[in-house]
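Survey of secondary and tertiary structure
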4 protein chains.
Amino acid sequence: MSNSIGNLYKLTTFGESHGPAIGGIIDGCPAGIELDFDEIQRELNRRKPGQSKITTQRNEPDTVEYLSGIFEGKTTGTPIGFQIKNTNQHSKDYTHNIDVYRPSHADYTYDKKYGIRDYRGGGRSSARETANWIVAGAIAKQYLKDIKINAFTSSVGEISISKTFQEIDLSKIENNIVRCPDEHIANLMIKKIEKIKKEGDTIGGVITCVIQNVPVGLGEPVFDKLHAALGKAMLSINAVKGFEYGSGFNGSTMKGSEHNDIFNADGSTKTNLSGGIQGGISNGMDIYFKVAFKPVATLMQKQQTIDSEGNILEMQGKGRHDPCVVPRAVPIVEALSAIVMVDFYLQQRSRV
Amino acid sequence: MSNSIGNLYKLTTFGESHGPAIGGIIDGCPAGIELDFDEIQRELNRRKPGQSKITTQRNEPDTVEYLSGIFEGKTTGTPIGFQIKNTNQHSKDYTHNIDVYRPSHADYTYDKKYGIRDYRGGGRSSARETANWIVAGAIAKQYLKDIKINAFTSSVGEISISKTFQEIDLSKIENNIVRCPDEHIANLMIKKIEKIKKEGDTIGGVITCVIQNVPVGLGEPVFDKLHAALGKAMLSINAVKGFEYGSGFNGSTMKGSEHNDIFNADGSTKTNLSGGIQGGISNGMDIYFKVAFKPVATLMQKQQTIDSEGNILEMQGKGRHDPCVVPRAVPIVEALSAIVMVDFYLQQRSRV
Amino acid sequence: MSNSIGNLYKLTTFGESHGPAIGGIIDGCPAGIELDFDEIQRELNRRKPGQSKITTQRNEPDTVEYLSGIFEGKTTGTPIGFQIKNTNQHSKDYTHNIDVYRPSHADYTYDKKYGIRDYRGGGRSSARETANWIVAGAIAKQYLKDIKINAFTSSVGEISISKTFQEIDLSKIENNIVRCPDEHIANLMIKKIEKIKKEGDTIGGVITCVIQNVPVGLGEPVFDKLHAALGKAMLSINAVKGFEYGSGFNGSTMKGSEHNDIFNADGSTKTNLSGGIQGGISNGMDIYFKVAFKPVATLMQKQQTIDSEGNILEMQGKGRHDPCVVPRAVPIVEALSAIVMVDFYLQQRSRV
Amino acid sequence: MSNSIGNLYKLTTFGESHGPAIGGIIDGCPAGIELDFDEIQRELNRRKPGQSKITTQRNEPDTVEYLSGIFEGKTTGTPIGFQIKNTNQHSKDYTHNIDVYRPSHADYTYDKKYGIRDYRGGGRSSARETANWIVAGAIAKQYLKDIKINAFTSSVGEISISKTFQEIDLSKIENNIVRCPDEHIANLMIKKIEKIKKEGDTIGGVITCVIQNVPVGLGEPVFDKLHAALGKAMLSINAVKGFEYGSGFNGSTMKGSEHNDIFNADGSTKTNLSGGIQGGISNGMDIYFKVAFKPVATLMQKQQTIDSEGNILEMQGKGRHDPCVVPRAVPIVEALSAIVMVDFYLQQRSRV
């Protein structure tokens, strides 16, 4: 059960970064969706390594092969099987890791959990897995045409956008390589990442996601609250350390008289500190949330670590890794959002 | 599916605050656990309304009736059905709400979702539901004797504990009514809540939870990462707006060379910014996370709102509500943590 | 997971025959169904012990208490919690069983599985559990008003109805205590059961169920074929040893040229050996299937058996048990059918 | 959810017979199993078309590509992705079907359910899907080394083995192409199938499956009884119309005094009409059940049918189909049995 997300629109995935392929099965995709395959590829390209000077230079074409569930360009309602071949694995880069537990990676925990480990790359904890999510998310987006999902980089290290998302032109997200819609801040972020990269170091950041035109009524009251499902999805992304929606942590410092969203006559609200969700159910206002990413653990610096016998030794990353994961994580946040939204959309459809 | 939590230790719940009873079914509880019923009641009493001057004065005895799954004081492995009768509903307090949507409550979204609504209290969105979670969590705690779960109030409004949890004596949590183990800060918090209550207002806060003595290897790699399941559980609690674990949002401002947890020879780590979880799997270090609560939406002040026809009107809370939900939410955070931990513990047991 | 049935309309149950109560939670029941509570009670009365001379004389009132999910007589979309108190347990009847494994009961397997056992009655394997199913099934029937579900006793021992269900007047099922719509055969069955009862013995039988007015398109292609879900549900009933639908076992002796159902121009078929389901999906024709019940294992005769130490001893049933379970199982077959049908109905609704 | 089987050992599949590939993901396979890939292929070859004169002459190599979850020949505990390419589709054979609903196939129901249909072959209802099950079942068998699972052809049309499985030498199943361990009956069956094939007709049959060396305690009491899960799995196989275990339908004609299995001192039973399962839980005796298959619906004879407009027309099968599906279904019955058994085995492991 640990490799699936969703109930009615369910993605199940497989694959390690250094095996023959990664891929997945989308079960429950509605029939009759006319797929724009170029659009799916465009989403994959947004996540792709090697896309700019501030990402890893690893170069995977990330081409999806669709194996089932599609006929004459349309979904048939049967499961969509797909795979993305691993073509550029450079497993050599990892031979130095055979017996070594990289700090703040999953090597140690995998070994203890399973008693066996594919030491070439991170196994299932490799971020390559997220390419699968992009495929399922891109298809979900095409089904949910009216719902608009936009994520962007809102901070890199201490450099942060100070405007609210309502003050931002979300159409400018793709205008720069760091995916921050404020051009001035974007430039500062890019410079920061370049500096960090030169130091052989890495840096964390925050992504903000906005979901608009959501129908009222999506989300389930108790254990499948809409924001809880979004939160769980986001916390599934590698390196994510925090999730907040609406007023978030800042809301904890406020008084009720400041925080309550007063209704307009049409059911919309004057403010939106609730973040578009009340009692776990969408209220038709914009949904927005933030996702915090820690810095990537693989450094191009020497670090002390241990091997599986407990010997202390020094290691230095040799694979090709991102100095900041956030720009490439923007489409991942959108994809998981889309998967969650379509799932709740279908659940609500079964009801009315 | 929306009223269940867990896979192998699964709690399914029912009940509204103004019906005859709330309750639940625990499916998958291991057989042979000798239950300490007084201990379960003590946990319920920590959540109970009316327990101190800073909580709602509503007074529910919250007595659990066990209906099945227990024989001669021990669990039998069959489902544990239980109920808690609603005895003190004061439904009159709510008759003024029949047609009114309270601001930042779930009234509006429930009505739109289901087309029908039990207007006496919040329906399933009532915090009374959390008493069910306490029962299942208290039983989970009794099974997981070695794992220690302690939550405490770490901030109320702007008043915040500045020490790390390692610098705090967790045995002092229950020493005061706000459940903050730092006596000085606790007093400031209590004063703050009393002041807010006098104003007819409410205030938010933050709870920190620490889980200790966790075996290595709990958690599933991709979509059931241990922290993602904890996060989803916490985001299921009423009024929660954010979740972070380990370094959290602050980790997003750090560099990898600062953030990485360097191993000791025995596999433990010198720092613990990872928060006891790497790659979604427990690494044996202390798990810790923070949960942000917004201020309670029901105010003893006049607020503008609308009714179901879209008429704008004024309303004022007349029920008995908490000025700050955080002190009573401490045992809820612990209970959900225990439910999540036992579920992953059993999953891992099926594997080795 | 083992105490739940259904995905979108999900019943989770609890309760042993000798604890305080049995009951369940129906999660996913659509909102706004106006419930006829008398009708639910009528269904329970059809299952009730003590209803006629050919059933056990145990007398349980089987009164349902609804605890949630219903407001002003209508379902609210939130979970329906309910309980049925155990009022007439006669646990004394079972004290002789403390340490004894009754032949062809679940005593031995429960003890080995869980290492502990509530020896008063059959624990979860008690047929009392099926009262819970009746409640959920009766509500499902009220939602699925157009779909007609009728089960009847088609054989008791060797006495069997020879007519096809199409030749039978299904409105006559309740005309006699054995629930066989053919009056002549019914009388033979009743005499047979009376004779068996006098001998202190028991006898098996077969129930046929017919589901009519089913929309085309219910059922899922591979692992949730409509007949597979019906089969699993039926095989969950105590004492069931076999399930067949459409042509069933007899179909295995036929040639394709005899077995194929030729289409009429409107998509209906001239014959219906398929049993209303093709490729796991309803085709709009009548669904029909048969369920085989073994004789009840508790005899009012001496039998050899063992105790938990492996000592061989003699025992004789002293509880009040049915000489033939089939007449009381008729409403159970219908109830589970209704639960399965509503679940697939809602699944299909999410899709179109 | 409809394309998955299992809870802790979960197979999710995709693929139509006429797309690029079929395949699946096995989630929850325990780590550290040393896989015998030749043995998996041998199981696939038992299912393969073209293996003898009494099966379809379609010739698919059915070679599995393993895409993940295996490292240096051992399972790693991560999901095993695999695919089997479709190489010999002869889609031309099906062009005559574009608009035609074949009698007793799923064409009509798929079209009505999804509003779209891949008319080349049967879509997900193609028996090619079962090759995926063989892969997951063969891996399950390698994990469950001690549990022996043997299925065989026990009848073809009216020709039936009269011996009980205890009187049969199960090692002789593979000695003939019809997979009946009684050589004399096997020859009669083969002649029958050859005759039927010459007529352009098809014939049904029955498979018996025996599962031995099962530990006591597998199976869950109420809705996941071991036999109910086996029954559901078997009813998922194309063309299956019935399932019975232990005494089966014949048990319905018996008296309790004849049917009860009397214990030996060691907990084994003198007879085994229960079929190795009591109260849904394995009792350590041999589990056995029968699965009834209807005749294949595709005939090499002219049949009347309709097209999607309701025009009545004549059609004749031109694809290459089996005159009797039973011999090739023997390994399918075993594979699904293995998947069910490993799932319950892991569930029980989580408990003790």
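Residues numbered from 1 in each chain as written. Chains lettered and ligands numbered in written order. Predicted model: local features only at pLDDT ≥ 70, side-chain atom pairs only at ≥ 80, totals over all residues. Heavy atoms only, no water.

1. Some points on the overall build of chain A
Stated precisely, the cut-off is as follows: Helix numbers and strand numbers start at the N terminus; a helix is a DSSP run of H or I with at least 4 residues, a strand a run of E with at least 2. In this treatment the radius of gyration is a C-alpha quantity, and the globule benchmark scales as 2.2 Å times the residue count to the 0.38 power. Only protein chains enter the calculation, and the probe is 1.4 Å; a residue is then buried if its accessible area is under 20% of its type maximum, exposed if over 50%, and partly exposed in between. In this description, contact between two residues means that some pair of their heavy atoms is separated by no more than 4.5 Å. The protein chains shown are the only cover counted for residues, whose accessible areas, like all others here, come from Shrake-Rupley with a 1.4 Å probe. When charges are counted, Lys and Arg contribute as positive and Asp and Glu as negative, whereas His and the chain ends are disregarded. Charged side chains are reduced to one point each, which is NZ for Lys, CZ for Arg, CG for Asp and CD for Glu.
Helices and strands together make up the secondary structure of chain A, namely eight helices and 17 strands. The C-alpha atoms of chain A give 21 Å as radius of gyration, which agrees with the globular expectation for 352 residues (20 Å, within 12%). For chain A, the spread of C-alpha atoms along the principal axes amounts to about 65 × 50 × 35 Å. A buried classification covers 69% of the 352 residues belonging to chain A. In chain A, 69% of the contacts between residues at least 6 apart in sequence involve partners at least 24 apart. Looking at chain A as shown, the accessible area adds up to about 10,800 Å², and 48% of this sits on carbon and sulfur atoms. For chain A, the distance from the average site of its 41 positive side-chain charges to the average site of its 40 negative ones is 3 Å.

2. Overview of the relation of the copies chain A and chain B
As a reminder, the rule being used: When the copies are superposed, the least-squares fit takes in the C-alpha atoms of residues with a pLDDT of at least 70 in both.
Note on the identical chains: chain A maps onto chain B by a rotation of 180° and an axial translation of 0.0 Å, with an RMSD of 0.0 Å. Given the turn and translation reported, the copies of this chain are related as if by a two-fold rotation axis. Taken as a fraction of all interface residues of chain A, those also at the interface in chain B reach 100%, which identifies the copy contact as same-surface.

3. Some thoughts on the side chain of Asp224(A)
Formally: Polar contact is the term for a pair of N or O atoms within 3.5 Å; when the atoms are in protein, one must be able to donate a hydrogen and the other to accept it, and sequence-neighboring residues count only if both atoms are side-chain atoms.
Its place among the elements puts Asp224(A) in the loop between strand E11 (205–212) and helix H5 (226–235). By relative accessible area, which is 8% here, Asp224(A) ends up buried. Side-chain polar atoms of Asp224(A) contact the side chain of Lys232(B), separated by 2.6 Å.

4. Some details on the sheet that holds strand E8 (residues 100–101) of chain D
All names here are of chain D. Put simply, the test is: DSSP bridges decide pairing: two strands pair if at least two such bridges lie between them.
Spatial strand order, E8-E16-E17: three strands in an open sheet with antiparallel pairing. Each having just a single partner strand, E8 and strand E17 (312–316) make up the two edges of the open sheet. By the bridge criterion, five bridges tie strand E16 (residues 302–307) to E17 in an arrangement that is antiparallel. Across the sheet, Lys302 pairs through a bridge with Gln316, a residue of E17.

5. A few points about the packing of aromatic side chains
Stated formally: Ring pairs shown here join Phe, Tyr and Trp side chains whose ring centres sit within 6.5 Å, with only the six-membered ring taken for Trp; geometry is labelled stacked below 30 degrees between planes, edge-to-face above 60, and tilted in between. Sitting over a ring, as applied to charges here, requires NZ of Lys or CZ of Arg to be within 6 Å of the ring centre and within 35 degrees of the ring normal.
Summed over the entire model, instances satisfying the criterion amount to 38 aromatic pairs over all chains. Ring geometry for Phe249(A) against Phe249(B): centres 5.9 Å apart, planes inclined by 65°, an arrangement best described as edge-to-face. Highlighted residues: Phe249(A) in helix H6 (residues 248–251) and Phe249(B) in helix H6 (residues 248–251), drawn from two different chains. Note on Tyr101(C) and Phe263(D): the rings are 6.3 Å apart at their centroids and 50° apart in plane angle, and the pair reads as tilted. In this pair, Tyr101(C) is assigned in strand E8 (residues 100–101) and Phe263(D) in the loop between helix H7 (256–259) and strand E13 (277–278), connecting two distinct chains. One aromatic cluster in this structure is built from Tyr101(A), Tyr108(A) and Phe263(B). Against the face of Tyr114(C) rests Lys113(C), its NZ or CZ located 5.8 Å from the ring centre. Between the NZ or CZ atom of Lys241(C) and the centre of the ring of Tyr245(D), over which it lies, the distance is 3.8 Å.

6. Some details on the pattern of salt bridges
Going by this rule: Counted as salt bridges are all cases of a side-chain nitrogen of Lys or Arg within 4 Å of a carboxyl oxygen of Asp or Glu.
By the definition in use, this model includes 84 salt bridges over all chains. A salt bridge links Lys141(A) to Glu334(A); its shortest N-O distance comes to 2.6 Å. On the criterion of sequence distance, the pair formed by Lys141(A) in helix H3 (residues 130–143) and Glu334(A) in helix H8 (residues 326–349) is long-range, its members being 193 residues apart. Among the residues examined, Lys141(A) registers a relative accessible area of 21% and is labelled partly exposed. Note on Glu334(A): relative accessible area 2%, which makes it buried. Between Glu174(B) and Arg46(B) there is a salt bridge whose closest N-O contact spans 2.6 Å. One end of the pair, Glu174(B), is in the loop between strand E10 (159–160) and helix H4 (183–198); the other, Arg46(B), is in helix H1 (residues 37–47), with 128 residues separating them in the sequence. In this structure, a network of salt bridges that share partners links the residues Glu43(A), Arg46(A), Lys141(A), Glu174(A), Arg179(A) and Glu334(A).

7. Some thoughts on the interface of chain A and chain B
In many analyses, interface size is given as the accessible surface area lost on bringing the parts together. Condition: By buried area we mean how much accessible surface two parts lose on assembly, using a 1.4 Å probe and totalling the loss over both.
Counting from both sides, the interface comprises 104 residues of chain A and, opposite them, 106 residues of chain B. Between chain A and chain B, the buried area comes to about 8,100 Å², and carbon and sulfur atoms account for 61% of it. Counting the surface chain A buries against chain B, the share from its top three residues, Lys113(A), Phe223(A) and Lys241(A), is 12%. Linking chain A with chain B are six salt bridges, by the criterion used here. Across the salt bridge formed by Glu199(A) and Lys255(B), the nearest N and O atoms sit 3.8 Å from each other. In this structure, the connection of chain A to chain B is made through 41 residue pairs in polar contact (both at pLDDT 80 or more).

8. Brief notes about the confidence of the model for chain A
Note the threshold: The predictor's confidence in any single residue is recorded as pLDDT, a number from 0 to 100.
On average, residues of chain A score 93 in pLDDT, and 96% of them reach the 70 mark or higher. The ipTM value of the predicted complex is 0.96, and its pTM value is 0.96.

9. Let's talk about the relation of the copies chain D and chain B
Between chain D and chain B, the superposition needs a rotation of 180° and an axial shift of 0.0 Å, giving an RMSD of 0.0 Å. Of the residues that chain D buries at the interface, 100% are likewise interface residues in chain B, meaning the two copies contact each other through the same surface.

10. Observations concerning the packing of H1(B) against helix H8 (residues 326–349) of chain B
Between two packed helices, the angle of one axis relative to the other and the distance separating the axes together describe the packing. Residues and elements named next belong to chain B. Put simply, the test is: Here the axes come from fitting lines to C-alpha atoms, over the contacting stretch only for helices, and the angles between their N-to-C directions go from 0 to 180 degrees. Angle categories are assigned with fixed cut-offs, so that under 35 degrees is roughly parallel, over 145 is roughly antiparallel, 65 to 115 is roughly perpendicular, and the rest are oblique. Polarity classes work like this: nonpolar for Ala, Val, Leu, Ile, Met, Phe, Trp, Tyr, Cys and Pro, charged for Asp, Glu, Lys and Arg, and polar for all others, with Gly in that last group.
Following both chains from N to C, one finds H1 and H8 inclined at 140°, their axes separated by 7 Å at the closest point. Classified by the angle their axes make, H1 and H8 are oblique. Between H1, through Glu43, Arg46 and Arg47, and H8, the contact on the second element is made entirely by Arg328, Val330, Pro331, Ile332 and Glu334. Across the contact of H1 with H8, the residue classes tally to three nonpolar, no polar and five charged.

11. Details of the pairing of strand E2 (residues 10–14) of chain D
Residue and element names in this part refer to chain D. Of all five residues that make up E2, five are buried, and the element is covered over most of its length. Residues Lys10, Thr12 and Phe14 of E2 are buried on one face, and the alternating residues Leu11 and Thr13, pointing to the opposite face, are buried as well. One ladder, built from two bridges, connects strand E1 (residues 4–5) with E2; its direction is antiparallel. Across the sheet, the residue bridging to Ser4 is Thr12, located in E2. The turn joining E1 and E2, which pair antiparallel and follow one another in sequence, is formed by four residues; a positive phi near 100° is taken by Gly6.

12. Looking at helix H8 (residues 326–349) of chain D
What counts is decided by this rule: To estimate the expected span of a helix, subtract one from its residue number and multiply by 1.5 Å.
Taking 1.5 Å of rise per residue, the 24 residues of H8(D) would be expected to cover 34 Å, and the 34 Å separating its terminal C-alpha atoms lies within 8% of that figure. Counting buried residues in H8(D) gives 22 out of 24 residues, a clear majority hidden from the surface.

13. Notes on the interface of chain D and chain B
With six residues of chain D in contact, the opposing surface of chain B contributes six residues. For the pairing of chain D and chain B, the buried interface totals around 700 Å² over both sides, and the portion due to carbon and sulfur atoms is 51%. It is Arg349(D), Ser350(D) and Arg351(D) in chain D that bury the most area against chain B; as a group they hold 59% of the surface buried on that side. The interface formed by chain D and chain B contains zero salt bridges. Joining chain D to chain B, the criterion identifies four residue pairs in polar contact (both at pLDDT 80 or more). Considered class by class, the residues forming the side of chain D that touches chain B number three nonpolar, one polar and two charged.

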